[in-house]
Amino acid sequence: MKQAVDFLKDRLNTPPAVGVVLGSGLGAFANHVENPVVFPYEKIPGWPQSTAVGHAGKLVCGALASTPLIVMSGRAHLYEGHSIDKAVFGVRVMGKLGVKAIVFTNAAGGINLSYGQGSLVLISDHLNLQGTSPLIGPNDDSLGPRFPDMSDAYDAEFRVKAKETARSLGFELPEGVYAGLLGPSYETPAEIRFLRVIGADLVGMSTVPEVIAARHMGIRCLAISCVTNMAAGILPQKINHEEVLETGARVRDRLLALLHALVPRLGA
Ligand code: HPA
């Protein structure tokens, strides 16, 4: 990790204040970064390569309304076979570069029936059902404490700002609990019924390890899910990755507008 941090420090004039992690089909935000310096993941020492379709695999550093930021376009998922250390590598590097706030985006299945396909939902809390944690093993005290608190994992003040920003753009941002599963198969209808009973509104295959690693380092987190499909068994139709990407593309402009207006408000 130190190699990657030093590599980027040597090449960046301004330390980033805010990080953004873009999920499946949501990579277009990276094109909006001002004065971008682009690092394809394969050029950064130790950086995991992303193999998921719809993930570009590059780090874009620059600014948005004079807030220095760093954008991960493409992330490493556990289902790709990456170790959990690799899945949170980018978050830890961002933290070591001085990032104090990270906005995560992801594609998710909607469990809460009040959501529709294409809804944007603010994550209020999560259920870690991936059976692992990035904090397993000896604690690295340079990152954070052994037993970090997770009661305010999704920053309350950031959520208020996100809702205000969405409203100013003419839409509401509902909140929901995100269940993080390993994937890569979509869930069974029985699993979705189980997830509803235990309090999940959304289901996806990312974000949870990253938020745990970020909170370990004291980084404030905001996460926005794009409901690309209703979860298994809710509608009488199958789920496919193309549909997930298509919905992501359809909602892209709304999410871009939201990030554009919101990210500079998280930098102070
Ligand atoms: N389940 C899990 N992950 C997902 C889904 C889903 O239905 N849609 C997009 N990511």
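The structure this text deals with has already been given above.
Participant: Tell me about a nonpolar patch on the surface, and please be specific about residues and values.
Facilitator: Together, Leu129, Phe194, Val197 and Ile198 give the surface a local cluster of nonpolar side chains, amounting to about 380 Å² of exposed area. The topology assignment puts Val197 in helix α5 (residues 189-197).

Participant: Got a sec to walk through the side chain of Thr105? Specific residues and values, please.
Facilitator: Inspection of the secondary structure puts Thr105 in strand β5 (residues 101-110). Residue classification places Thr105 among the buried residues on the basis of a relative accessible area of 0%. A polar contact of 3.0 Å, which involves the side chain of Thr105, links it to the backbone nitrogen of Gly23. Residues in contact with Thr105, not counting those within four places in the same chain, are Val21, Leu22, Gly23, Leu26, Arg75, Ile224, Leu255 and Leu259.

Participant: If you had to explain the site of the ligand to someone new, which residues and values would you point to?
Facilitator: Taken together, Ala107, Ala108, Gly109, Tyr186, Glu187, Val203, Gly204, Met205, Thr228 and Asn229 are the residues near the ligand. Within the side chain of Glu187, an N or O atom sits 2.7 Å from a nitrogen atom of the ligand. Contacts to the ligand include Asn229, whose side-chain N or O atom sits 2.6 Å from a nitrogen atom. For the ligand, whose unbound accessible area comes to 260 Å², protein coverage reaches 96%. In terms of residues, the shell around the ligand owes the most to one element, β5, which gives three residues. Broken down by class, the residue content of the shell around the ligand amounts to five nonpolar, four polar and one charged.

Participant: How would you explain the nonpolar core if you had to name every residue and give the values?
Facilitator: Formed by 44 residues in total, the largest nonpolar core has its most connected members in Leu8, Ile44, Trp47, Leu59 and Phe104. Counting residues per element, the ones that place at least two in this core are α1 (2-11), β3 (58-64), β4 (67-73), α3 (89-96), β5, β6 (120-128), α6 (208-216) and β9 (220-230). At five residues, α6 tops the list of elements feeding residues into this core. In this structure, Ile44 is in contact with Ala4, Phe7, Leu8, Phe39 and Leu59, ignoring residues within four places of it in sequence. Core analysis: the second largest hydrophobic core is formed by 32 residues, Val20, Val60, Ala162 and Leu256 among them.

Cut-offs applied
Residues numbered from 1 in each chain as written. Predicted model: local features only at pLDDT ≥ 70, side-chain atom pairs only at ≥ 80, totals over all residues. Heavy atoms only, no water. Patch = residues over 30% accessible without salt bridge, like charges linked within 9 Å, V, L, I, M, F, W, Y side chains within 5 Å. Areas by Shrake-Rupley, 256 points an atom, 1.4 Å probe, with all protein chains shown as cover. Salt bridge = Lys/Arg side-chain N within 4 Å of Asp/Glu carboxyl O. Helix = DSSP H or I, 4+ residues; strand = E, 2+ residues; numbered from the N terminus. Buried < 20%, exposed > 50% of the residue type's maximum accessible area, 1.4 Å probe, protein only. Polar contact = N/O pair within 3.5 Å; in protein donor to acceptor, adjacent residues only side chain to side chain. Contact = heavy atoms within 4.5 Å. Near = heavy atom within 4 Å. Nonpolar A, V, L, I, M, F, W, Y, C, P; charged D, E, K, R; others polar. Core = buried A, V, L, I, M, F, W, Y, C linked by side-chain atoms within 4.5 Å.

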